[in-house]
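Below, each chain spelled out in residue letters.
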Amino acid sequence: MNWNAQEMDVYIQQKEYIDTLVVPFVSVQVEPDRMKASASASDFLMYLSRFIEAQFKGRMVFTPPMTFTKSVDLPTFARQVAEDFKESAFKHTFFLTTDASLAHLEIDGVTVVWLPSIPIESMEPNLKQSIMEDQLRQVLPVFTEKWSSAN
Amino acid sequence: MSSKVSRRQFLSYALMGTGGFMASAMLMPMVRFALDPVLQPGSDGEFIPTQQKADDVTEVPVKVDFVIKDRKDAWYVSDVADSAWVYRDGDDIIALSPVCKHLGCTVNWEGDANHPDMFFCPCHDGLYEKNGKNVPGTPPLGPLDQYEVEVVDGFVHLGKIVPNQLVD
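Criteria and thresholds
Residues numbered from 1 in each chain as written. Chains lettered and ligands numbered in written order. Predicted model: local features only at pLDDT ≥ 70, side-chain atom pairs only at ≥ 80, totals over all residues. Heavy atoms only, no water. 1 Å grid on protein atoms, 1.4 Å probe; cavity = no way out; pocket = protein on both sides within 12 Å on 5 of 7 lines; lining within 4 Å. Points joined across faces, edges and corners; volume = space filled by probe spheres on them. Helix = DSSP H or I, 4+ residues; strand = E, 2+ residues; numbered from the N terminus. Nonpolar A, V, L, I, M, F, W, Y, C, P; charged D, E, K, R; others polar. Contact = heavy atoms within 4.5 Å. Buried area = accessible area lost by both parts, 1.4 Å probe. Salt bridge = Lys/Arg side-chain N within 4 Å of Asp/Glu carboxyl O. Polar contact = N/O pair within 3.5 Å; in protein donor to acceptor, adjacent residues only side chain to side chain. Domains from an automatic or database assignment. Disulfide = S-S within 2.5 Å. Buried < 20%, exposed > 50% of the residue type's maximum accessible area, 1.4 Å probe, protein only.

Trainee: Explain the layout of surface pockets to me, please; I cannot follow it from the model alone.
Mentor: Left-over empty space is what a probe sized like a water molecule reveals as it rolls over the atoms. Computed from the structure, the second largest pocket encloses a volume of approximately 700 Å³. F56(A), L140(A), N108(B), F120(B) and P122(B) are the residues nearest the centre of the second largest pocket, which is lined by 27 residues in total. Contributing elements (two or more residues each) for the lining of the second largest pocket: α2 (32-55) and α4 (125-150) of chain A. Sorting elements by how many residues they give to the lining of the second largest pocket places α4(A) first, with 7 residues. Split into classes, the residues belonging to the lining of the second largest pocket amount to 10 nonpolar, 8 polar and 9 charged.

Trainee: Can you walk me through the interface of chain A and chain B in this structure?
Mentor: One frequently used descriptor of interface size is the decrease in accessible area upon assembly of the parts. Listed by partner, the interface residues are 16 residues for chain A and 13 residues for chain B. For the pair chain A and chain B, the two sides together bury roughly 1200 Å², of which 54% comes from carbon and sulfur. When residues of chain A are sorted by the area they lose upon contact with chain B, Y17(A), Q55(A) and Q129(A) head the list and together hold 36% of the total. Taken together, the links from chain A to chain B amount to 1 salt bridge. Across the pair K63(B) and E133(A) runs a salt bridge, and its minimum N-O distance is 2.8 Å. Counting across the chain A and chain B interface gives 5 residue pairs in polar contact (both at pLDDT 80 or more). Listing elements by their share of the side of chain A that touches chain B, those giving two or more residues are α2 and α4 of chain A. Counting residues per element, the side of chain A that touches chain B draws most heavily on α4(A), which supplies 5 residues.

Trainee: What is the right way to read the domain arrangement of chain B from this model?
Mentor: Along its sequence, chain B is organised into domain 1 (1-40) and domain 2 (48-162). The distance between the C-alpha centroids of domain 1 of chain B and domain 2 of chain B comes to 56 Å.

Trainee: What's the story with the state of the cysteines in this structure? I'm lost.
Mentor: Structurally, a disulfide amounts to a covalent bond that connects the sulfur atoms of two cysteines. Residue and element names in this part refer to chain B. This structure, assessed with the given rule, holds 1 disulfide over all chains. Across the disulfide from C105 sits C123; the S-S distance is 2.2 Å. The chirality of the disulfide connecting C105 with C123 is left-handed, given an S-S dihedral of about -100°. One end of the pair, C105, is in the loop between β4 (92-96) and β5 (108-109); the other, C123, is in the loop between β6 (119-121) and β7 (126-128), and 18 residues separate them in sequence. The exposure classification of C105 matches that of C123, with both residues buried. Not engaged in a disulfide, the cysteine C100 finds its nearest cysteine sulfur in C121; these two sulfurs lie 3.7 Å apart. Under the relative-accessibility criterion, C121 is labelled buried at 2%.

In structure tokens form, the structure reads like this:
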């Protein structure tokens, strides 16, 4: 499910099936020498999010990306978000990020999924598609493990 | 009857003529607008080419990816990647939509080792037989949709999505 009112209606009706919240974390940097890398990483993560969303539409809700700038202390920010999201009805919460400072962070009640960013901007669609499928294969076990451990 | 046109007749003809002209100037665009959707070439009937050769399609479903160019969502134009499960059934080529009829996840052929020869939905363990028939007792409530299929120059082209016609 995407974060829009229409799909939230479906969510409300089908709550029992949709038990997973996924939150992308995107860094926004506007220093001239960092801009391109920042945009590329954000492009990759959002593309991957859309791709995973399409695969698991009926079980995951994707929030809009949590964006942050360079002076934000990311671990603190992530913990704060996790704390606020505890009030949700979701059984599983995942943070999706390409930022290394979150890679090994342990947050109570949240699984952090870290992936290295791949520059997809110059790829032709078929290659992009297969890269995304590879990435999905990498992260899939993280999701399924959590899902099956809850049963 | 005199062939002369009286002043009164002339005036009424002239008024009818100009009045009719003005009325048609107003009505024509209205009629045009009303008919416009009918006159638009239907975009639904278009077939999208894929890279899948028709001769290479076997009885085992394969995932065929294709890209819908320039899909417009309001002002936002984008290329949408989509896929279909394609297999051969006698002389026919069948293309099933991978969208689960439960809540819209993407199903995979033999996606679960415990259920060979079936489509599996990883979200809630939904199962479908090869022809798209949903297995009772699993969450999906209907069979997988089908794509219209056309073979052009040896390649599989996919048309619009239609309800499953293989399951009775």
